[in-house]
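Spelled out, the chains give:
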Amino acid sequence: MLALLLAAQLFPAQARVPFPNAARIAIVSGKLVALANDGHGAIFERDSQGGFREARAFTTAHNASSVDVADLDGDGTPDLAIAAQGELLIFLRR
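Residues numbered from 1 in each chain as written. Predicted model: local features only at pLDDT ≥ 70, side-chain atom pairs only at ≥ 80, totals over all residues. Heavy atoms only, no water.

Caption draft 1: Quick look at the pattern of salt bridges. Scanning the model with the defined rule gives two salt bridges in all. A salt bridge links Lys31 to Glu45; its shortest N-O distance comes to 3.9 Å. One end of the pair, Lys31, is in strand β2 (residues 31–36); the other, Glu45, is in strand β3 (residues 40–46), and 14 residues separate them in sequence. Lys31 sits in the partly exposed class, given a relative accessible area of 25%. Judged by relative accessible area, Glu45 falls into the partly exposed class, the value being 23%. A salt bridge links Arg53 to Glu45; its shortest N-O distance comes to 2.8 Å. One network of salt bridges, in which partners are shared, links Lys31, Glu45 and Arg53. (Salt bridge = Lys/Arg side-chain N within 4 Å of Asp/Glu carboxyl O. Helix = DSSP H or I, 4+ residues; strand = E, 2+ residues; numbered from the N terminus. Buried < 20%, exposed > 50% of the residue type's maximum accessible area, 1.4 Å probe, protein only.)

Caption draft 2: Structural context of the side chain of Asp79. Structurally, Asp79 is set in strand β6 (residues 79–84). Here the side chain of Asp79 touches Asp73 through a polar contact of 3.4 Å, landing on its backbone nitrogen. If near-sequence neighbours (up to four positions away) are discounted, Asp79 is found in contact with Asp68, Val69, Ala70, Asp71, Leu72, Asp73, Phe91, Leu92 and Arg93. (Polar contact = N/O pair within 3.5 Å; in protein donor to acceptor, adjacent residues only side chain to side chain. Contact = heavy atoms within 4.5 Å.)

Caption draft 3: Summary view of the sheet that holds β2. Reading across from one edge, β1-β2-β3-β4 is the order of the four strands in this open sheet, with antiparallel pairing throughout. Since the sheet does not close on itself, it has two edges, and those belong to β1 (22–28) and β4 (52–59), each with one partner. Across this sheet, the average inter-strand angle for adjacent strands is 25°, counted without regard to direction. Judged from the six bridges that link them, β1 and β2 form a sheet pairing that is antiparallel. (Pairing = 2+ DSSP bridges. Axes fitted to C-alpha atoms, helices over the stretch in contact; angles between N-to-C directions.)

Caption draft 4: Molecular detail of the pairing of strand β7 (residues 87–91). Two strands pair when backbone bridges link them, and β6 and β7 are joined in this way by five bridges, in the antiparallel orientation. Bridge assignment links Ala84 to a residue of β7, and that residue is Glu87. Linking β6 to β7, which pair antiparallel, is a turn of two residues; within it Gln85 sits at a positive phi near 45°.

Caption draft 5: Up close: the packing of aromatic side chains. Inspection of every chain in the model, using the stated rule, returns two aromatic pairs. Pairing Phe19 with Phe44 gives two aromatic rings, centres 5.8 Å apart and planes at 90°, and the pair type is edge-to-face. Linking Phe19 in the loop between α1 (2–10) and β1 with Phe44 in strand β3, this pair joins segments that are 25 residues apart in sequence. The residues Phe19 and Phe44 share a single accessibility class, namely buried. Its guanidinium or amino end placed over the ring of Phe52, Arg46 lies 5.0 Å from that ring's centre, counting from NZ or CZ. (Phe/Tyr/Trp six-rings, centres within 6.5 Å; stacked < 30°, edge-to-face > 60°. Lys NZ or Arg CZ within 6 Å of the ring centre and 35° of its normal.)

This is the structure we're talking about:
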């Protein structure tokens, strides 16, 4: 709770995005990628009111333990890697 209060003081402009069971996040090219423990994921983009809107939903494995962003295929665009339940899921952005 203290961390939330401190963040609110340091960053007065806030946006709250409903995403039940949110567990992991990553930032990709200015977009927010969120993963839930139930295997659902979503990509959020900024909207014209200064908040975020869901741009795309996707499904991954349950209980993602890690998410990271890197250019995995060398094409100059960021890709997404998710570790979950003994497998690595790779999403290439082309």
